[in-house]
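Architecture at a glance
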Amino acid sequence: MADTALSIPRRSPLAGAADRLAAATRSSGGAIRLAELPFLAQVNLRLDAKGAAADAVGLALGPSLPLEPNTVVRAGELTVLWLGPDEWLVVGPPDTQWDVEQRIRAASGEEHVAVTDVSAQRTTLLVSGARARDLLAHGCALDLHPRAFGAGRCAQTTLARAQVVLVARDEPGAGFWVLVRSSFAGYLTDWLLDAAAEYVQDS
């Protein structure tokens, strides 16, 4: 029997907001850039940081697992975020979560690890531009000065009362990732757009 199942196009949580995000970016004259980075692979990893699996998994992924609290390591297309003493989030390009999971499981062997694909749980907002830190500071209690939260730092925090994972990207001018639960993505986008209105340039 022929497969008659309909193929439903995948839709990101913020697909309907793309035009508004782009408009805010244009109207700020470069002060703020807002965009969704949809469908990034996100794999949650739990293991003993002092166990044999930690080094093996680090080698398999490319970047060693960061051991300093609230830090990020990146190698190639993968970024690994420290979330806790025995917890990390591995972020990669869209649709690579299965490969990431398999690499972790193969490397860990018989060691006890917990690997969970959480890619559908969150989406990612990019916030960059010369005033990105100022924009985020409107709704985040963290000290976002580069001396306190510079490139290569991450934190589980709240932004406009929404729980997020905030990442200071380490590429020049790359700004921040804001990883937010899909159910809160629309609310947080509305808040960011409202806050970004301060940077709109008169035409």
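For the structure, check the block above.
Residues numbered from 1 in each chain as written. Predicted model: local features only at pLDDT ≥ 70, side-chain atom pairs only at ≥ 80, totals over all residues. Heavy atoms only, no water.

**Some remarks on unusual backbone geometry**
Its identity as a non-glycine residue notwithstanding, Phe-39 has a phi of 65°, on the positive side. One non-glycine residue with positive phi stands out, namely Asn-70, at about 60°. Summarising the element assignment, Asn-70 is placed in the loop between helix H2 (52-61) and strand E3 (72-75). Relative accessible area serves as the criterion here: at 29%, Asn-70 is assigned to the partly exposed category. (Helix = DSSP H or I, 4+ residues; strand = E, 2+ residues; numbered from the N terminus. Buried < 20%, exposed > 50% of the residue type's maximum accessible area, 1.4 Å probe, protein only.)

**Digging into the sheet that holds strand E9 (residues 162-168)**
Ordered in space as E1-E7-E10-E9-E8, the 5 strands form an open sheet in which the pairing is antiparallel. Of all the strands in the sheet, the pair left with one neighbour each is strand E1 (33-37) and strand E8 (154-159). Across the sheet, the mean angle separating the axes of adjacent strands is 30° when strand polarity is ignored. Of the strands in this sheet, E1, strand E7 (122-128), E8, E9 and strand E10 (176-181) touch helix H5 (residues 182-196), which is tilted by about 135° from E10. (Pairing = 2+ DSSP bridges. Axes fitted to C-alpha atoms, helices over the stretch in contact; angles between N-to-C directions. Contact = heavy atoms within 4.5 Å.)

**Digging into the pattern of salt bridges**
Within this structure, the stated rule accounts for 9 salt bridges. The salt bridge partner of Arg-20 is Asp-190, with a shortest N-O separation of 3.1 Å. With Arg-20 in helix H1 (residues 18-27) and Asp-190 in helix H5, this pair connects stretches of sequence that are 170 residues apart. A relative accessible area of 41% places Arg-20 in the partly exposed class. Among the charged side chains, a network of salt bridges with common partners joins Arg-46, Asp-86 and Glu-87. (Salt bridge = Lys/Arg side-chain N within 4 Å of Asp/Glu carboxyl O.)

**Examining the packing of H1 against H5**
Between H1 and H5, whose axes approach to 10 Å, the crossing angle comes to 20°. One way to sum up the angle between H1 and H5 is to call them roughly parallel. Seen along the crossing, H1 lies across H5 with a hand that is left-handed. Residue-level inspection shows Arg-20, Leu-21 and Ala-24 of H1 in contact with H5, the latter providing Thr-189, Asp-190 and Leu-193. (Parallel < 35°, antiparallel > 145°, perpendicular 65-115°, else oblique. Left-handed = near helix turned anticlockwise from the far one by under 90°.)

**A short note on the side chain of Thr-79**
Note that Thr-79 resides in strand E4 (residues 78-84). Of the residues examined, Thr-79 reaches a relative accessible area of 2% and is grouped as buried. With residues near it in sequence (within four places) discarded, Thr-79 still touches Val-72, Val-73, Arg-74, Leu-89, Val-90, Val-91, Arg-169 and Trp-177.

**A word on the packing of aromatic side chains**
Per the counting criterion, the structure on display carries 1 aromatic pair. Both rings, one in Phe-149 and one in Phe-176, keep their centres 6.5 Å apart while their planes meet at 10°; by these two values the pair is stacked. With Phe-149 in the loop between helix H4 (132-137) and E8 and Phe-176 in strand E10, this residue pair connects regions lying 27 residues apart in the sequence. By the burial criterion, Phe-149 is buried, and Phe-176 matches it. (Phe/Tyr/Trp six-rings, centres within 6.5 Å; stacked < 30°, edge-to-face > 60°.)

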